[in-house]
Amino acid sequence: MKVMAQMAMVMNLDKCIGCHTCSVTCKQAWTNREGTEYVWFNNVETRPGVGYPRTYEDQEKWRGGWIRDKKGRLRLRDGGRLAKLARIFANPRLPGIEDYYEPWTYDYENLTSAPLSDTFPVAPPRSQISGEPMKKIEWGPNWDDNLAGSSEILADDPILKKISDGVKSQLEETFMFYLPRICEHCLNPSCVASCPSGAMYKREEDGIVLVDQDKCRGWRMCVSGCPYKKVYFNHKTGKAEKCTFCYPRIEVGLPTICSETCVGRLRYIGLVLYDADRVLEAASVEDDKHLYEAQCGVFLDPNDPQVIAGARAEGISEEWIDAAQRSPIYALINTYKVALPLHPEYRTMPMVWYVPPLSPVVDAVSRGGHDGEDLGNLFGALDALRIPVEYLAELFSAGDTAVIENVLRRLAGMRSYMRDINLGRETQPHIPASVGMTEEQMYQMYRLLAIAKYDERYVIPTAYQAQAHDLEHLGCSLDTDGGPGMYESGSSGSVVSAESFHLLKDRGDHGDGTGRVDLLTWNGDGIPPGMFPNRESS
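Described below are features of the structure shown in this document. Please read all numbers here as calculations on a predicted model, not as lab measurements.

### Some remarks on the overall build of the chain
Helix and strand counts for the chain come out as 25 helices and 14 strands. Taking as baseline every contact in the chain between residues at least 6 positions apart, the subset at least 24 positions apart corresponds to 69%. Summed over all atoms, the accessible surface of the chain reaches about 24,900 Å², with 50% contributed by carbon and sulfur.

Put into structure tokens, the structure is as follows:
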């Protein structure tokens, strides 16, 4: 057993309102610069829908992820070394700008410089890539938001193509939900295996998958290899880029930007311990429907004395072990068993999991004039209503509807059980028992999913103490002219980030170690010389 640590995220889809705040703040923090106009490290999709880029889930077309060969070995769906060498200078299996969208801005100058006329001037759209005027805007990153134009768009949804015509015919009357997506930071990342130059790597200390910008040669095999299409090509720098899980924030115990700004408070971040020696075995199970259980088996109980001893033997600190024991991720996945991976059939073993939405089932019951919180009504709907269970199964359990039904039953049981408590009535112990839980477990699951506080949703250990001092003055390696930082250097040559301020405040320094003191680097203790004007001189 080789114990390793992995930062992971769980999203509760019942709480997502589709406001796109996470996407906008991520865009502003990481991709607000030339060359990444079309890039969204975080995007929110309306499901059913074709996603971003369009039809990215159609692996027969894009050939991402892994497949299991006849000998039980994993192979990249996109081909091995020889196949990549044959097309290394011209990779045909890449989404085009039409599959993403051609980003645009508006010619606002026309509004202010147009000559006087009888008609009001307009701001025509202009491409952010070519700078040329655009005649017609035909697609965007969330063009099908809230099923806009569903009769024309949804026919291309790769998931709907796998399920019955009965589901399609009742689609508009049945369900819709939002699916936020970031890089999955997989345990078995196919993007890393696809990179010919070795620029893609998975950090040993926390499992975050990153791109070394110095090593990247722009072959774009990682874009083809990622089945989630969450690796992007910067057409200005010629480098691949992706979601970094906001590692500069994570290293100082802060949540990712998308989590920090999430309006619905649907995201959870925490540490899980896993057995690295079992990853390949779990990813290679024969039946796709067993991949979910296999990955759950890779995660280790952080309270197990043998696991704790194994973690210590691998150099994992006590602080990190304690964080794993308090992790909301392990609780939602293995204790309460309500979180599921996105497309486990890709065999990458993703580490961003989802609590599937119960609201479409509740809505279907309520539309019929019945009590949407009654346990019998909800259980009956799950038994009779194959929608959206079949669709959810294709997303989160490789088509196994039994897994989805078990999760939705637990969520329905929690809703009915807590209604009695909130109304001051006697609890019904048979409700949690019917889904294999105790009353205490069901109440704790409710607290975590519904009313968890900030430090319960984000249990993030800081970097090792030996590393923390060195991290104080390290700049982001991507924070250059072609990097993701949106700020330009100041007159002194650097800008102090919020993360650096956090570290400096803990250390107790007035400044940033360079002798420069300003409001960003001042920790509030005392009044450093030169911070404020001298009262006598003023």
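Read on for the rest.
### Digging into the pairing of strand β11 (residues 239-242)
Taking every second residue as pointing to the same face, both faces of β11 are buried, with Lys239 and Glu241 on one and Ala240 and Lys242 on the other. Two strands pair when backbone bridges link them, and strand β10 (residues 231-234) and β11 are joined in this way by 4 bridges, in the antiparallel orientation. Paired with Phe233 across the two strands is Ala240, which belongs to β11. Linkage of β10 to β11, two consecutive antiparallel strands, is achieved through a turn of 4 residues, within which Gly238 is found at a positive phi near 75°.

### Looking at the sheet that holds strand β14 (residues 352-355)
Sheet architecture is open: 4 strands sit in the order β12-β1-β14-β13, paired in mixed fashion. Each edge of the sheet is formed by a strand with only one pairing partner; in this case those strands are β12 (267-275) and β13 (340-341). Where strand β1 (residues 3-12) and β12 come together, 9 bridges link them in antiparallel fashion. From the neighbouring strand, Gln6 faces β12, where its bridge partner is Val272. With respect to the sheet, helix α16 (residues 328-335) is in contact with β1, β12 and β14, its orientation differing from that of β12 by roughly 70°.

### Brief notes about the nonpolar core
Among the nonpolar cores identified, the biggest contains 140 residues, and Val10, Leu273, Phe299, Leu332, Trp353, Phe396 and Leu408 are the most heavily contacted of them. Tallying contributions element by element places helix α20 (residues 401-422) first for this core, with 9 residues. Contact partners of Val10, with chain neighbours within four places excluded, come to Leu266, Arg267, Tyr268, Ile329, Leu332, Ile333, Ala339, Trp353 and Val355.

### Observations regarding a nonpolar patch on the surface
Where nonpolar side chains cluster on the molecular surface, the patch consists of Tyr106, Tyr108, Leu111 and Phe120 and spans about 470 Å² of accessible area. In this structure, Leu111 sits in helix α4 (residues 109-113).

### A short note on the packing of aromatic side chains
Throughout the structure, instances matching the rule amount to 17 aromatic pairs. Judged by centre distance (5.7 Å) and plane angle (35°), the ring pair of Tyr354 and Phe396 falls under tilted. One end of the pair, Tyr354, is in strand β14; the other, Phe396, is in helix α19 (residues 389-396), and 42 residues separate them in sequence. This pair shows no difference in class: Tyr354 is buried, exactly as Phe396 is. By way of ring pairs, the aromatic residues Tyr38, Phe41, Tyr52, Tyr100 and Tyr232 are connected into one cluster.

### Some thoughts on the side chain of Ser327
With respect to the element layout, Ser327 can be found in the loop between α15 (318-325) and α16. A relative accessible area of 5% means that Ser327 is categorised as buried. Looking at Ser327, its side chain comes within polar contact range of the main-chain oxygen of Leu271, at 3.0 Å. Here Ser327 is in contact with Gly270, Leu271 and Val272, once residues within four sequence places are set aside.

### Thoughts on unusual backbone geometry
Outside of glycine, negative phi angles account for most residues, and trans bonds account for most peptide bonds. Pro48 follows Arg47 through a cis peptide bond whose omega is -5°. If you trace the backbone, Pro48 turns up in the loop between β2 (43-47) and α2 (59-62). The phi dihedral of Met349 is positive, around 55°, even though this residue is not glycine. Position of Met349 among the secondary structure elements: in the loop between β13 and β14.

### Some words on the packing of helix α14 (residues 305-313) against α15
Interhelical geometry of α14 versus α15 gives an angle of 145° and a closest axis separation of 10 Å. By crossing handedness, the relation of α14 to α15 is classed as right-handed. Side by side, α14 and α15 meet where Ile308, Ala311 and Arg312 of the first sit next to Glu318, Ile321 and Gln325 of the second. When grouped by side-chain class, the residues that make up the contact of α14 with α15 number 3 nonpolar, 1 polar and 2 charged.

### Digging into the packing of α19 against α20
Pairs of packed helices are described in terms of their axes, by the angle between the two and the distance that separates them. At a closest axis distance of 8 Å, the pairing of α19 and α20 adopts a crossing angle of 105°. Considering the angle they form, α19 stands roughly perpendicular to α20. Of the residues in α20, those touching α19 at Val389, Glu390, Leu392, Ala393 and Phe396 are Thr401, Ile404, Glu405 and Leu408. Residues that form the contact of α19 with α20 fall into these classes: 6 nonpolar, 1 polar and 2 charged.

### Things to note about the environment of Lys84
As for its position among the elements, Lys84 is in helix α3 (residues 81-86). A C-alpha to C-alpha distance of 9.6 Å links Lys84 and Cys195, two positions 111 residues apart in sequence. Those residues in contact with Lys84 that lie beyond four places of it in its chain are Leu76, Asp78, Gly79, Ser194 and Met221.

Reading guide: rules and limits
- Residues numbered from 1 in each chain as written.
- Predicted model: local features only at pLDDT ≥ 70, side-chain atom pairs only at ≥ 80, totals over all residues.
- Heavy atoms only, no water.
- Helix = DSSP H or I, 4+ residues; strand = E, 2+ residues; numbered from the N terminus.
- Contact = heavy atoms within 4.5 Å.
- Areas by Shrake-Rupley, 256 points an atom, 1.4 Å probe, with all protein chains shown as cover.
- Buried < 20%, exposed > 50% of the residue type's maximum accessible area, 1.4 Å probe, protein only.
- Pairing = 2+ DSSP bridges.
- Axes fitted to C-alpha atoms, helices over the stretch in contact; angles between N-to-C directions.
- Core = buried A, V, L, I, M, F, W, Y, C linked by side-chain atoms within 4.5 Å.
- Patch = residues over 30% accessible without salt bridge, like charges linked within 9 Å, V, L, I, M, F, W, Y side chains within 5 Å.
- Salt bridge = Lys/Arg side-chain N within 4 Å of Asp/Glu carboxyl O.
- Phe/Tyr/Trp six-rings, centres within 6.5 Å; stacked < 30°, edge-to-face > 60°.
- Polar contact = N/O pair within 3.5 Å; in protein donor to acceptor, adjacent residues only side chain to side chain.
- Left-handed = near helix turned anticlockwise from the far one by under 90°.
- Nonpolar A, V, L, I, M, F, W, Y, C, P; charged D, E, K, R; others polar.
- Parallel < 35°, antiparallel > 145°, perpendicular 65-115°, else oblique.

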